[in-house]
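# Structural overview for review
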Amino acid sequence: MEISGKNVLITGSSRGIGLGIAHAFAGQGANVILNGRSSIPAEVLESFADYGVKVHVVLGDVAKQQDARQMVAKAIELAGSIDILVNNAGITKDGLALRMSEDDFEAVLKVNLTGTFNMTQAVLKPMTKAKMGAVINVSSVVGLIGNAGQANYAASKAGVIGFTKAIAREVAGRNVRVNAIAPGFIESDMTAVLSDKIREAMLGQIPMKRFGLAQEVADVAVFLARQEYLTGQVIAIDGGLTMQ
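Conventions and cut-offs
- Residues numbered from 1 in each chain as written.
- Predicted model: local features only at pLDDT ≥ 70, side-chain atom pairs only at ≥ 80, totals over all residues.
- Heavy atoms only, no water.
- Pairing = 2+ DSSP bridges.
- Helix = DSSP H or I, 4+ residues; strand = E, 2+ residues; numbered from the N terminus.
- Axes fitted to C-alpha atoms, helices over the stretch in contact; angles between N-to-C directions.
- 1 Å grid on protein atoms, 1.4 Å probe; cavity = no way out; pocket = protein on both sides within 12 Å on 5 of 7 lines; lining within 4 Å.
- Points joined across faces, edges and corners; volume = space filled by probe spheres on them.
- UniProt positions renumbered as here; feature names shortened; annotations may be inferred.
- Buried < 20%, exposed > 50% of the residue type's maximum accessible area, 1.4 Å probe, protein only.
- Contact = heavy atoms within 4.5 Å.
- Parallel < 35°, antiparallel > 145°, perpendicular 65-115°, else oblique.
- Left-handed = near helix turned anticlockwise from the far one by under 90°.
- Nonpolar A, V, L, I, M, F, W, Y, C, P; charged D, E, K, R; others polar.

What follows is about the sheet that holds strand E4 (residues 84–87). Backbone hydrogen bonds hold the strands of a sheet together, and the pairing may be parallel or antiparallel. Judged by pairing direction, the sheet is parallel, and its seven strands sit side by side in the order E3-E2-E1-E4-E5-E6-E7 without closing on themselves. In this open sheet, the two strands that pair with only one neighbour each are strand E3 (55–59) and strand E7 (234–237). In this sheet, adjacent strand axes meet at a mean angle of 20° when their direction is disregarded. Strand direction decides the pairing type here: strand E5 (residues 133–138) and strand E6 (residues 176–183), joined by six bridges, are parallel. Paired with Ile-136 across the strands is Asn-179, a residue of E6.

Computed from the structure, the largest pocket encloses a volume of approximately 1,300 Å³. Taken together, 44 residues line the largest pocket, and the ones lying closest to its centre are Arg-15, Gly-90, Ile-91, Thr-92 and Tyr-153. Listed by contribution, the elements that provide at least two residues to the lining of the largest pocket are helix H1 (16–27), strand E2 (31–36), helix H6 (151–171), helix H7 (189–192) and helix H8 (196–203).

So, about the UniProt feature "active site" (unreviewed entry) in the chain. When the UniProt feature table is mapped to this numbering, "active site" (unreviewed entry) covers Tyr-153. Note on placement: Tyr-153 falls in helix H6. Looking at Tyr-153, the relative accessible area reads 15%, which means it is buried. Not counting the four nearest positions on each side in its chain, Tyr-153 is found in contact with Ile-91, Thr-92, Val-108, Asn-112, Ser-140 and Val-142.

Next up on the list: the packing of helix H3 (residues 65–79) against helix H4 (residues 102–130). It is at 8 Å that the axes of H3 and H4 come closest, and there the two elements cross at 40°. The orientation of H3 relative to H4 falls into the category oblique. The handedness of the crossing between H3 and H4 comes out as right-handed. Along its contact with H3, which presents Gln-65, Ala-68, Arg-69, Met-71, Val-72 and Ile-76, the element H4 presents Phe-117, Asn-118, Met-119, Gln-121, Ala-122, Val-123 and Pro-126. Taken together, the residues of the contact of H3 with H4 sort by class into nine nonpolar, three polar and one charged.

What follows is the structure in structure tokens.
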């Protein structure tokens, strides 16, 4: 798929990996549709000024089906179409399973997994009608190998992988591709505040001995959007953490 001129909706794109993905697509000439629950900071919007592309905003909670439908409808009204959907919005509520509340377990699944379903379902009708489109779901290496203290997050991200493969089979015949990215440890606000001891322990698990960058994850998203014969796949960008 040629990226330039296409319209890309990225959920959870006010910061971090989602914002990095938005910038990567804008850098390739794509119009971007940013999403946050309640607002997008002015400085975020200003950061796209030099790309020469259109930037739209749709606000809402992906965990709410009605919000998802309204956001997709609004995005199509503003941009004319959604050619690429990146399901990036996600939350964590970490804790050992023995002490994890049902509310914390369900809340993470609701945003990370049900939110991915809600947004994907909402774009599939216009994409399949157009016989063109790409859905890119952001999972995690935690969904591949698990992680102590993140039973809810691991379950949600493993669910995203299964969901990706199922939907890819459903819509492949309509020329809509569905793939997933599984980032490993990525430099972020979260990793920046970790103690040296914890950072060293995490780095010790990574063959490449460094954390990844949001830009590197974003580059994979652009790659997946471009590939017209690639669907139902999960690409782990993790410095070799999950290599087999």
